[in-house]
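Spelled out from the first residue to the last, the chains are:
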Amino acid sequence: MAIRTRLTLWYSGILAATLLLFGVAVYEIISYTLYENQREQLAKVEQIAETQISFVALETQGGTVLYPQMHELTDFRYAGYVMQLYKIDENKVYPLGKLQGPLSQLMTAHIVTDRNAFIKMKDLNGEDFYLYNKHLSYQYGDTPIQLVLQVGVSVNGISQGMKHLLYWLMLIAFLVIVIAASIGLFLSRKAFKPIEDVIESANLIQIDTDLGRRIDYVGPPDEIGRLTTTINGMLSRIQTMYGVLEESNRTQRRFVSDASHELRTPLTTIRGNVDLLQKVWSQPSDRGESPASTMSEDEVKELSLDAMKDISGEAERMSRMVNDLLSLARADAGQMIVKEPVELAPLVEEVVRNAERLPRHAEWRIGNLEPLHGVHVWGNADSLTQLLFILIENAFKYTPDGWVLIDTALVPGQVGIRVQDTGIGLDNEEIPHVFDRFYRADPSRGATAGTGLGLSIAKWIIDDHGGSIEVVSRKDEGSAFVIWLPIHGRIQGFEE
Ligand code: ADP
């Protein structure tokens, strides 16, 4: 059963019960008041009638008989009241005034002799009738006389009035319940309409693949308004999360496909060279000395050496790439680099010294390393060394002539290391992508050896150390990569 129907039934039921209680109370109070009023009236009439009783003594053969008699009450106020006297010792009834036989008999049947009593009974027409039995004692000379004065009156008017009241109370209660239930149903339907809309929209969203759908709600910011806002907010979050997941899935797929492609290239080269070596060395020899029939011994030797150099170069490239991939896979798995306080100056100085031996055409310039003295960062020495080598190797690789410079700077809370070159530079469109995995700007592809993974690893190391990296580059003019690392501490004596 729908909530709105249940609610309507509930409060209609409660209203009905309240009205029933109220009706019963009203009915009972009115009924009691009217009947009580009638009883008081009956008692008053009886008191007046009582004063009108007298006795007549008649001498008979059996002795003196006392006949009770009463002056008739003729006042209009007593019209409708009937009376009779009952003499207990004689067991005889003396109807008074206009009281007729059948009604007198009916009243006689309800005589109560031992006490005063109000009796509600039915009269000859089956209508309600009130009878008051009043016990009276008299003394006539030596003779005690016991009488019961019965005063009766029809209460049909009150009974009919009460019936009408009951009828109207029931009718009004019924109408009130029907009207209240209808209005209640209408109002609850109206109140639940926005919820219906919310359910409908949520259902549509459920069957639709479009996560951009939102629940339309026009109305005040009440509970339903807030619910709609919450659901819409939740949907936005789901959409964002889904987008992020999808993007990461896409990246992952691209990464796997790029990685397999990149690994296939050196493998093809290696296989090609091995095939060549096999062919050259399996050719029958004329003189039994040289493996190739058409080549001289030196030529075969030179060819073989070239092939082996290629194989070795490609194997080295592959192993570098596999190492890089392994680092990135660890980063993806959420592995954190183990850190400790690292003093930067000796680390950078050693990198600078070793960089001297890297293959290069550019001049290696060492700028101001003074700011590093005494500076400690919270990091991993191996990772920081790897990071610096990635930047320096790149600078050498992409600078055919000119110079490559390393220098440092301090700002409050951070230390900066800059690797600047006068090399081929980058386009503005290329800069945002240099940290993407396998990304290689067009001029670099083919021209220089590389995997496109170096800067991805550099970025991961910087992020893991809570640092940041800035790239400033101009096509054909050169590039500058600046790493900023948070300072963990400084040895006293070196001021910022
Ligand atoms: P790669 O192995 O190709 O060097 P990286 O991830 O280290 O891979 O670099 C990504 C790309 O960014 C490079 O292929 C190159 O196009 C560009 N790049 C990196 N460093 C420099 C630089 N110093 N000058 C110009 N281009 C650079």
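Before going into details, it helps to say that this report is about the structure given with it. (Residues numbered from 1 in each chain as written. Predicted model: local features only at pLDDT ≥ 70, side-chain atom pairs only at ≥ 80, totals over all residues. Heavy atoms only, no water.)

### A few points about the nonpolar core
In a soluble, globular protein the nonpolar side chains are often hidden away together inside.
Next, step 1: Membership of the largest hydrophobic core comes to 53 residues, with the highest contact counts inside it found for Val 348 and Ile 392.
Next, step 2: Counting residues per element, this core draws most heavily on helix α7 (residues 381–397), which supplies nine residues.
Next, step 3: If we ignore the near neighbours within four places in the chain, the residues touching Val 348 are Leu 369, Leu 372, Leu 388, Ile 406 and Ile 417.
Next, step 4: The next biggest cluster of nonpolar side chains, apart from the first, holds 26 residues, and it includes Ala 49, Ile 53, Leu 149 and Ile 158. (Core = buried A, V, L, I, M, F, W, Y, C linked by side-chain atoms within 4.5 Å. Buried < 20%, exposed > 50% of the residue type's maximum accessible area, 1.4 Å probe, protein only. Helix = DSSP H or I, 4+ residues; strand = E, 2+ residues; numbered from the N terminus. Contact = heavy atoms within 4.5 Å.)

### Focus: the packing of aromatic side chains
Next, step 1: One pass over the structure, following the stated rule, counts seven aromatic pairs.
Next, step 2: Pairing Phe 55 with Tyr 138 gives two aromatic rings, centres 5.0 Å apart and planes at 70°, and the pair type is edge-to-face. Here Phe 55 is found in strand β1 (residues 53–60), whereas its partner Tyr 138 is found in strand β6 (residues 128–140), with 83 residues between them in sequence.
Next, step 3: For Phe 55, a relative accessible area of 16% corresponds to the buried category.
Next, step 4: For the pair Phe 118 and Tyr 132, a centre-to-centre distance of 4.3 Å together with 15° between the ring planes defines the contact as stacked. You can see Phe 118 sitting in strand β5 (residues 117–122) and its partner Tyr 132 sitting in strand β6, a full 14 residues away along the chain. (Phe/Tyr/Trp six-rings, centres within 6.5 Å; stacked < 30°, edge-to-face > 60°.)

### Comments concerning the packing of helix α5 (residues 297–332) against helix α8 (residues 454–464)
Next, step 1: Packing of α5 against α8 brings their axes to within 10 Å, and their N-to-C directions diverge by 35°. When the axes of α5 and α8 are compared, the crossing they make is left-handed. Across the interface between the two elements, Asp 324, Ser 327, Leu 328 and Ala 331 of α5 pack against Ser 456, Ile 457 and Trp 460 of α8.
Next, step 2: A breakdown of the residues in the contact of α5 with α8 according to their chemical character gives four nonpolar, two polar and one charged. (Axes fitted to C-alpha atoms, helices over the stretch in contact; angles between N-to-C directions. Left-handed = near helix turned anticlockwise from the far one by under 90°. Nonpolar A, V, L, I, M, F, W, Y, C, P; charged D, E, K, R; others polar.)

### Some words on the pairing of strand β14 (residues 478–490)
Next, step 1: Relative to β14, strand β10 (residues 375–379) runs antiparallel, the two sharing three bridges. When the sheet's bridge partners are listed, Val 375 is paired in β14 with Arg 490.
Next, step 2: Of the pairings in the sheet, the one linking strand β12 (residues 414–421) to β14 comprises seven bridges and is antiparallel in character. If you follow Val 415 over to β14, its bridge partner there is Leu 485.
Next, step 3: With antiparallel pairing between neighbouring strands as the criterion, strand β13 (residues 468–474) and β14 make up a hairpin whose turn holds three residues, including Asp 476 at a positive phi of roughly 65°. (Pairing = 2+ DSSP bridges.)

### What to know about the sheet that holds strand β4 (residues 92–95)
Next, step 1: Read across the sheet, five strands follow the order β4-β3-β7-β6-β5 without closing on themselves; strand pairing throughout is antiparallel. Of all strands in the sheet, those bounded by a partner on one side alone are β4 and β5. Going across the sheet, the axis of each strand differs from the next one's by a mean of 25°, ignoring polarity.
Next, step 2: As defined by bridge partners, strand β3 (residues 82–87) adjoins β4 across four bridges and the pair is classed as antiparallel. The residue of β4 that forms the bridge with Gln 84 is Pro 95.
Next, step 3: In the packing of helix α2 (residues 101–109) onto the sheet, the strands contacted are β3, β4, β5, β6 and β7 (143–154), and the crossing angle to β3 comes to about 55°.

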